[in-house]
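# Breakdown of the fold
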Amino acid sequence: MRTAGSRRRRGRARAGAAAAPTYRSAIALRSIDGNIARTGSAVTAWYRLAPQPWSFRSDSQREALIRRIANQLGELQGRWCHLRVTTRPFPVAGWAEAFDRNSPGRPPDVGDALGWEDFLTGEQQHLMGLSMADKEVFLGVEVSGRSVVDRWLETAAPVLHRVLPSAANAELTALETEIAHVDALVSGPGLDGVPCSAEDMAWLMHRSCALGLPAPRSVHAEPGVAWEAEDLAAFTDGVAMHQEPYAPTVTVAGRHGLQPVSRHVAVLSVGLMDSLRIPEADDPWMQRSDRLPFPVEWSARIYVRRPEEVSGELQRQMGKVRSQIRHYTHDHDLDPPMSLERQADRVLQIEDELSGGLTQLNTRVYGWWRVAVSGRDESEALTRAQQVLDLYRPRVALEHPEAQYAYAREFIPGEPLASTAYRRRGSVTWVAAGVPAASASVGDRRGVLLGETCTATRRPVAWDPWMAQEVRRASGLTAVVGGLGSGKSFLTGLMVYKTLRAGARWTVLDPSGPLAALTRLPELAPFSRHIHLLGADPGILNPYRVVAEPRRDHFLDEPDPEKAWRRERSLAAATRRRLVLDVLTGLLPYDVARMPHTRIVLLRAVREVGGGQHRDPGQVISTLRRHAREGEEHADVVADFLEERRELPQAALLFPEHTVDPADPRGPDEGAGGRATGDPSILDEEEYRLTVLTMQGMSLPRPGSPREEWTDGESLAVELLNLASWLTQRTVYTADRDLRKGVALDETHFLSQIPTGKVLIDRLARDSRKFNVRALFASQLAGDLLRVPGFASLVDAVFVGRTDDSEAQAEALRLLRVPTDVGYEEMLGTLSPRPTSGRSLGEHDENPDDTPRQFVFSDGHGGVEKIRVDLEGPHLSHLRTALDTNPDARRAHLPTTPHRTAPQTREPGDQDPGHGTGTPDRPDPPFGPAATDDTDDSDDGVPAARGPGRGGGDG
């Protein structure tokens, strides 16, 4: 039997539960479940909008984007929307981890040279010093209001979750259909929104509650876990927002890590706005703030009106305008003002829209747009606010309201409006023309750093040259186009160096030779070699040997490996025969080469010699001589001209020292035993990760000059360049198929004029995916590459530097797959502008142009942006020096010249010092007085200047 005392003991409360005070959140939000945020009066679904490309699009494409956005917004009739634009610092650590994972087979570190860890650390430090951020756009859409029952169920949720879980989740369960409907609307083309993840919601709350404070180092959010009111304290605790009376800014104090930090935030509100011509003449008005060098936050509260709400208001507005026009014309017999006429035209347009029914494109909205900037103190915040005002004036008025605290809280999801002042009204098309998600998106997040975008949005540009082949199954063909001084060699050297550090292997043909400096860098020297082809052994450019023999193991994945391998061997032999025919034809004088019989006799001789890799052009000449003895007179003429060309010094590169009988299947190397001198297979040695082939001293024709104007030396130089290009690609087919390989060819505009040069470009383009090759073709004119059949359809990535000629500009845009005749041609002529600061009228800037070069970069995956090549990190100063191709006489190694004194000035009538002043022991110099051995007495050791006589030059 229970006693009264036992009943009293059972009824006593435990001390801990009764002592805890009830937590009250400092914000209006009650809970967050996934992407669903609930306040006391509404349920809002939050979405992250995809970036929308804007640069290098035609006006029709941009208008189509605006219409798609307007359509999506128009579907949200009767709903409140909260648009938030914020920034997230570029994930430097995440990029470094991805880049490190994506760098298999890196070369080992070398002694005291720059190692991989120091290289990667230097890249991160340089990137963090740029302070670049990604723009992120969030859209909150009201799903439903909340009743008293909904709020009671939320309050009792802790108990209901244990007792009756279905009742605790009844509200969200009832809204599942409506949420799915909103998901479908926002995910459509234009907005391309996806429901926010837990990390997205955490980032949005941090950036809103701690408005203006430095971004948190990391955000931790566990997916699938709902945040109750007590959990929201993680965003509000430690952050205080206050404003002094009538202060122009609001102070936000918080912590960055464990360190206290504070910022002053100035909030502006969008006011009256003139009509903007977007996209014909103006950029999206919300994207314009991306040009500023500091982050800008946006918050917009938008209500999409229902048709029945709009119709009556529009009718009243039309009546007002008509009454005003009637007042001028009928009552006073005056012409109405032009502003009133414009309103009348707009009335007629609206009336036409109403007569056809309100569609999504002419649905009306009203809302409030706020802009927030922050500074370390009030002065900096107001200075930045003034910069925003100056950026938008005079077309858009930005107001600076008094109640900064209430306006700043509007940026927090769920908070009420501070004031209905500065309400803006318009159509959804006007709202869509702001294009808040317009951004610069090019490259990827796992490749080497190339630089940064330099359009309206400033973002880092990282690019993995092998992502196209390994992930997207696309071509690895890349075009680098630009005029003289556009920075093609600098860009190529940057890509070669950084990707080689990440494990790739490169073979570079650089006829002029500046990229050979890469082989002398301490960290690359043990794995690199420089081969000067014009000084190499005879026969290294033997056209029969530069075409690699197919490897049997490359065809093991074919249905019939043996058949595929034999077919490829036959194609290689046919390629050799065609290459030899083109080269020997190119060596002949133009008048002889164009004779039909010349081609016939050469073709017969080449076919008889065959396409084996151990043949050589000397065997073709021997065959021509035999055909001449058999009665073919023209064969003897062709052989005579080829023998004459063979005597040229550079022609020895085509002919080995020993030529065997044409009927002997053995080549010169096999007949002599062992590897012959000039054997191209030296390029196949795998211990070298970088091979640079140069041809300094070779005289190439003027680009664009006709073939008949080429000299004998220029004709030979073009053929040697063609063979050197074939030699460069040899490593593609002799190395492992899966190995990341790169081939870089300069002066490729000459290859497009040779049939086998076009075959080489087409072959590399088609085989780049199969053999995992990134092939770079550098040329001064895009038209030279476009003349290669199929090049435009196979090209993956394109870099276009400064181009001045109008025809060349149009061809470069075709290569970029960018709309032509819409104004982008002139922009190519403004790339890499010469700095003019500090130059006054009539002065000449004598400083070298070392400004970073700009390119229009198409990444092959839809992104096209103007970028600035960046190699300014202090850890890469030695690479900048190596790639500096600007001539400088002060760097020249000149022999020491003895100091001389200046000649004495002669007056009219003085004896000519060149006659009779010498002695038999010391004769007169040929010009001027005898030089003495005395040096100048100046402190800097510079010899005194000479007079203007004939001996004034340094001897």
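## Examining the overall build of the protein chain
Of regular secondary structure, the protein chain possesses 33 helices and 26 strands. Counting all 955 residues of the protein chain, 50% fall into the buried class. Across the protein chain, every contact between residues at least 6 apart in sequence was considered, and the portion connecting residues at least 24 apart equals 76%. Taken as a whole, the protein chain presents about 45900 Å² of accessible surface, with 50% of it coming from carbon and sulfur.

## So, the nonpolar core
With 87 residues, the main nonpolar core has Leu 533, Leu 541, Leu 624, Leu 642, Phe 777, Phe 791 and Leu 815 as its most contacted residues. Not counting residues up to four positions away in its chain, the partners in contact with Leu 624 are Val 601, Leu 602, Ala 605, Ala 635, Val 638, Ala 639 and Leu 642. Listed in part, the 56 residues of the second largest apolar core include Val 85, Val 304, Val 388 and Ala 437.

## Here we look at the environment of Val 250
The residue Val 250 is located in strand β9 (residues 250–256) in this model. On the basis of relative accessibility, which here comes to 0%, the residue Val 250 falls in the buried class. Taking C-alpha positions, Val 250 is 9.4 Å from Tyr 407, a pair spaced 157 residues apart along the chain. When residues no more than four places from it in sequence are discounted, the contact partners of Val 250 are Met 241, His 242, Gln 243, Arg 263, His 264, Val 265, Gln 404, Tyr 405 and Ala 408.

## Some details on helix α4 (residues 92–101)
Those residues of α4 lying buried are Val 92, Trp 95, Ala 96, Ala 98 and Phe 99. One side of α4 holds all its buried residues, which, seen down the axis, span an arc of 165°. Looking at the buried positions of α4, the neighbouring elements they touch are α5 (116–130), β16 (448–453) and β17 (460–463).

## Details of the pattern of salt bridges
Applying the stated criterion across every chain, the model contains 44 salt bridges. Across the pair Arg 626 and Glu 630 runs a salt bridge whose closest N-O atoms are separated by 3.4 Å. Glu 630 sits in the exposed class, given a relative accessible area of 55%. One network of salt bridges, in which partners are shared, links Arg 446, Asp 464, Glu 470 and Arg 740.

## Some words on the packing of helix α22 (residues 596–609) against helix α24 (residues 633–646)
For any two helices packed against each other, one specifies the inter-axial angle together with the distance between the axes. Viewed as axis vectors pointing N to C, α22 and α24 meet at an angle of 85°, and their least axial separation amounts to 9 Å. Classed by the angle they form, the pair α22 and α24 counts as roughly perpendicular. Across from His 597, Thr 598, Val 601 and Leu 602 in α22, the residues of α24 making contact are His 634, Ala 635, Val 638 and Leu 642. When the residues that make up the contact of α22 with α24 are grouped by side-chain class, the tally is five nonpolar, three polar and no charged.

## Structural notes on the pairing of β9
The pairing of strand β8 (residues 240–242) with β9 spans three bridges and is classified as antiparallel. Paired with Ala 240 across the bridge in β9 is Ala 253. Across seven bridges, β9 lies against strand β10 (residues 259–273) in antiparallel orientation. Each residue of the ladder has a partner; that of Arg 255, found in β10, is Pro 260. The turn linking β9 back onto β10 is made up of two residues, and Gly 257 within it adopts a positive phi angle of 75°.

## Thoughts on the packing of aromatic side chains
Evaluation of the coordinates by the stated rule reveals 23 aromatic pairs. Aromatic side chains Trp 285 and Trp 298 sit 6.2 Å apart centroid to centroid with 70° between the ring planes, which places their arrangement in the edge-to-face category. In this pair, Trp 285 is assigned in the loop between β10 and β11 (297–304) and Trp 298 in strand β11, connecting sequence segments 13 residues apart. Summarising the burial analysis for this pair, Trp 285 and Trp 298 share the class buried. Ring plane angle 85° and centroid distance 5.9 Å describe the contact between Tyr 366 and Trp 368, whose orientation is recorded as edge-to-face. Trp 368 carries the same exposure label as Tyr 366, and that label is buried. By way of ring pairs, the aromatic residues Trp 95, Phe 99, Trp 116, Phe 119 and Tyr 497 are connected into one cluster. Above the ring of Tyr 733, the side-chain terminus of Arg 763 is found at 4.4 Å from the ring centroid.

## Overview of the pairing of strand β21 (residues 690–694)
When you tally the buried positions in β21, you get five out of five residues, the bulk of the element. Because side chains alternate across β21, one face comprises the buried residues Leu 690, Val 692 and Thr 694, and the other comprises Thr 691 and Leu 693, equally buried. In the sheet, strand β19 (residues 505–509) pairs with β21 via four bridges, with the strands oriented parallel. Bridge pairing in β21 places Val 508 opposite Val 692. Bridging between strand β20 (residues 528–532) and β21 involves five bridges; their strand directions are parallel. Counterpart to Ser 528 in the pairing with β21 is Leu 690.

## Describing the side chain of Arg 576
Tracing the backbone through its elements, the reader meets Arg 576 in helix α20 (residues 561–587). In this structure Arg 576 touches Pro 543, Tyr 544, Val 547, Ala 548, Glu 549, Gly 611, Gly 612 and Gln 613, once residues within four positions along its chain are discounted.

## Quick notes on the confidence of the model for the protein chain
Taken over all residues, the pLDDT of the protein chain has a mean of 82, while the share at 70 or more is 81%. When the criterion is pLDDT under 50, residues 837–842 qualifies, and its contacts beyond four places in sequence or with other chains add up to two contacts. With pLDDT under 50 throughout, residues 905–955 is counted as low confidence; its partners more than four residues away or in other chains account for 39 contacts.

## Some details on helix α3 (residues 59–74)
In this model α3 runs 22 Å from its N-terminal to its C-terminal C-alpha over 16 residues, within 8% of the 22 Å that 1.5 Å per residue would give. Among all positions of α3, only Arg 62, Ala 64, Leu 65, Ile 66, Ile 69, Ala 70, Gln 72, Leu 73 and Gly 74 are buried. The elements touched by buried residues of α3 are β4 (52–53), α10 (176–186), β11, α17 (428–432) and α32 (824–828).

What counts and what doesn't
- Residues numbered from 1 in each chain as written.
- Predicted model: local features only at pLDDT ≥ 70, side-chain atom pairs only at ≥ 80, totals over all residues.
- Heavy atoms only, no water.
- Helix = DSSP H or I, 4+ residues; strand = E, 2+ residues; numbered from the N terminus.
- Buried < 20%, exposed > 50% of the residue type's maximum accessible area, 1.4 Å probe, protein only.
- Contact = heavy atoms within 4.5 Å.
- Areas by Shrake-Rupley, 256 points an atom, 1.4 Å probe, with all protein chains shown as cover.
- Core = buried A, V, L, I, M, F, W, Y, C linked by side-chain atoms within 4.5 Å.
- Arc of directions from axis to C-beta.
- Salt bridge = Lys/Arg side-chain N within 4 Å of Asp/Glu carboxyl O.
- Axes fitted to C-alpha atoms, helices over the stretch in contact; angles between N-to-C directions.
- Parallel < 35°, antiparallel > 145°, perpendicular 65-115°, else oblique.
- Nonpolar A, V, L, I, M, F, W, Y, C, P; charged D, E, K, R; others polar.
- Pairing = 2+ DSSP bridges.
- Phe/Tyr/Trp six-rings, centres within 6.5 Å; stacked < 30°, edge-to-face > 60°.
- Lys NZ or Arg CZ within 6 Å of the ring centre and 35° of its normal.
- pLDDT = per-residue confidence, 0-100.
- Expected span 1.5 Å × (residues − 1).

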